[in-house]
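A closer look at the structure
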Amino acid sequence: MTTARRIRAAEAGSSGPTPCPVSSSTQTPQEPATPPPGKLPTKKAVVLNKMNKVVASAGGPDGFDWGSYLERERSPAASVSCFTHVPLCDQWDEIAVGMKVEVLNTNAVLPSKVYWIATVVQIAGYKALLRYEGFEDDSSHDFWCSLVSGEVNPIGWCAITSKLLVPPQDVKLNIPDWKEYLMKKLVGANTLPVDFYIKMSEGMRTSFKIGMRVEVVDPKYVSQTRVAIIDQITGGRLRLVYTDQSDAPENAVSDFWCHMLSPLLHPLGWSNSVGHAIKAPVNSWEAASSGLKNNSDNAFLLFKRPRTVYMDGGFFEEGMKLEAIDPLNLGNICVATVQKVLLDGYLMVGIDGTTSNSDWFCYHASSHAIFPKGFCNKNEIHLTVPQGYDPHTFTWDDYLEETKAKPAPAHLFNADYRGHGFSPNMKLEAVDLMEPRLVCVATIKRCVGRLLLIHFDGWEDDFDQWVDSQSPDIYPVGWCELMGYQLQPPPEFAANQEARIKKYKHFIYGKKKKKYTRKRLSNDQSKADATQGPKVISTDNPQKLVESSLQPQVPLIQPKTEPEEQDIMEVQVKAEEIEMEIINPPNNPQELCVSRIKQEETEEQNKRRDYEVPARTSKDQASRDERETGKDAGELEKNSVTVSSMEQSEDDGTEQDQEEEMQMSDASESESNTEHDTTGEGR
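We now turn to the structure provided with this report. Each chain has its residues counted from 1, following the order in which its sequence is written. The predicted nature of this model means local features are confined to residues of pLDDT at least 70 and side-chain atom pairs, given and counted, to a pLDDT of 80 or more, with totals for whole chains, interfaces and linings taken over all residues. Only heavy atoms go into the side-chain values, all of them from the structure, while hydrogens and water stay out.

A few words on the environment of Trp-92. Counting from the N terminus, the helices are the DSSP runs of H or I reaching at least four residues and the strands are the DSSP runs of E reaching at least two. Looking at where Trp-92 falls in the secondary structure, it is placed in the loop between helix H3 (66-73) and strand E1 (100-104). With relative accessibility at 3%, the residue Trp-92 sits in the buried group. A sequence separation of 33 residues divides Trp-92 from Gly-125, and the C-alpha atoms of the two residues are 9.6 Å apart. Once residues within four sequence positions are removed from consideration, Trp-92 is found in contact with Ser-79, Val-80, Ser-81, Ile-123, Gly-125, Tyr-126, Leu-147 and Phe-196. Residue burial is assigned from relative accessible area. The probe radius is 1.4 Å, only protein chains are included, and a residue is buried under 20% of its type maximum, exposed over 50%, and partly exposed in between. Between two residues, a contact is recorded if the distance between any of their heavy atoms is within 4.5 Å.

Another aspect to go through is the sheet that holds strand E8 (residues 255-259). A sheet is described by the order of its strands in space; here five strands give the open sequence E8-E7-E6-E5-E9, paired in antiparallel fashion. Edge strands, defined here as strands with exactly one partner in the open sheet, are E8 and strand E9 (265-267). In this sheet, adjacent strand axes meet at a mean angle of 45 degrees when their direction is disregarded. Two strands are said to pair when DSSP picks up at least two bridges between them. Bridging between strand E7 (residues 237-242) and E8 involves five bridges; their strand directions are antiparallel. Considered in E8, the bridge of Arg-239 is made with Trp-257. Inter-axis angles, ranging from 0 to 180 degrees, are taken between N-to-C directions of lines fitted to C-alpha atoms, where helices are fitted over the stretch in contact.

Our next topic: the sheet that holds E1. Here we have four strands laid out as an open sheet, ordered E1-E2-E3-E4, and antiparallel in their pairing. Every other strand in the sheet has two partners, leaving E1 and strand E4 (143-146) as the edge strands with one partner each. Across this sheet, the average inter-strand angle for adjacent strands is 50 degrees, counted without regard to direction. In this structure, E1 lies alongside strand E2 (residues 115-124), joined through five bridges in antiparallel fashion. Residue Leu-104 lies in a different strand from E2, and its bridge partner there is Tyr-115. Strands E1 and E2 of the sheet are contacted by helix H5 (residues 178-186), whose axis makes an angle of about 30 degrees with E2.

Before going further, it helps to spend a moment on the pattern of salt bridges. Opposite charge on two side chains makes pairing possible when the charged atoms of those side chains draw close. One speaks of a salt bridge when a side-chain nitrogen belonging to Lys or Arg is within 4 Å of a carboxyl oxygen belonging to Asp or Glu. Taken as a whole, this structure holds 21 salt bridges when the rule is applied. Across the pair Glu-136 and Lys-185 runs a salt bridge whose closest N-O atoms are separated by 3.4 Å. Here Lys-185 lies in helix H5 and Glu-136 lies in the loop between strand E3 (127-132) and E4, a separation of 49 residues in the sequence. A relative accessible area of 29% means that Lys-185 is categorised as partly exposed. Linking Glu-180 and Lys-184 is a salt bridge whose minimum nitrogen-to-oxygen distance equals 3.7 Å. Pair noted here: Glu-180 and Lys-184 are both in helix H5, with a separation of four residues, about one helical turn. Accessibility expressed as a relative area gives 44% for Glu-180, which makes it partly exposed. Here the residues in one salt-bridge network are Asp-218, Lys-220, Arg-226, Asp-244, Asp-247 and Lys-279, joined through shared partners.

Printed below as a string of structure tokens:
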């Protein structure tokens, strides 16, 4: 593709992506005053920028769910073990379908957090489809969760942490003994490794530090590098801010995103060591001295070293022809030429048909983005030929004879291929290398040896990109959730989310009125009740407002609120007597709570009676206990006791007290008469 064709394609907004490294000045891609060839923001960047604004106004991306999306598309997800640069890639082979774990039980009626054992039914990247034990073949209650969220625990975790295991309430099987049922299910089953989360945290560490200076490819002129400072690190991805902001748009910061293992990133001083062009800063001496102060002497060790190239059998020479991925359009493999040979095995490669050397790109001789002639023809890949040639009639032999050039020998290219676990139609999360700050939902469209053709879901094929199978710019499903990075969903999900925001816009208005309404009610309650304005139904839920058409005499209604979650108190358990505690769910959810309350009240009354001094006769004590017991039972079962019965019990209690007083007075009179008679006899 020529320079003129790239400009027209960018203006049309429908061609392949623009240059591989595109700067993201702030969060809104802006067009430079005099943009170089192919540097305009792509149609995809403009649309996604609009989507990000919608998501930001909504308070976060909540319209996309990987689980439901995979079920809808009926597509598998690439395994974590396929990505050598992500956490737990080496340990993921131990995660398999059928594994047992302990997770939070969301199908319980108890107000406290309880847990239950679940089985892994399906694995999709870091995500897993789980099924509670007891549902057997019933998949209606299956749920997706992230295995690296910290909410999935190995078997035995509840026993160690004194958490309760409670079976789900919707289990239809009649299981009399849950403990025996679980023991049969757990025999021979696998669970999460004990050091699962330790290995995960170790895989998320990085040796790069914020404030370090590096050299990175210039997004505007890919044939040179620039000095940048590491401003942010997220999951191994670096946000780089260029030290020279002289060409940045007004009120914007010129920055760039790439992975710490990216071939676009180099240590400070690399360009001078290999002979690569670098953009000179405004004050070169000051920039160099500050860079040396912030970088350690062994900074070169932090960067991935390319494969060693042996030149015994010859090496690349200037003018040699080859096939290479176009750095300005990663979906095309083009006819290219070695324009310059640098040190340490680096080459400057230019796409045939371009007239400017600003489009030359630096590839290492071991790169998997350059190929010998005939590679595309052998693998049935469309070869982009220079302008003026017909792709249907183009042949390498005629082209070499016409240009009087020689091809690069095939043995100079890196043909190392040990296999990978990727296959077409697999889902993953991939960086749009045309807009490197974006990580999008993507699908593997084709596999050619080590090469993967990445298709971004919801976008045209013109945005497809060729990447290596070990590229640090592709990630498993759930990586963005693990790292806290924003995932770009397909455009259809963003459109649905925007529609939901417009539909429920009045709720945002109600939130804004909440503060004033509550203040007015608290300061002048009587005056607020008499007004015609909106009234808060509940202070716990301020968004529920009474319509202005209601009469002022309508009292405030306090709706029933959900009970707050309370953590279960820890229990001291001996190490040799650790055992999982299982609570069978009652048929009536209220029976368990009422029985517990009765038992606690009875124990408290017994303790109180033990310390009280008897002041009445046994008959008085029994009657008093009866009254207290009846009163407590009435309070616990007030749903079944009416007002009339309560009044009747009070009348009965009053009559009983009067009878007891009369009996006590009769007894005292009889005792006095007896004493009088005894005295008389004695006299």
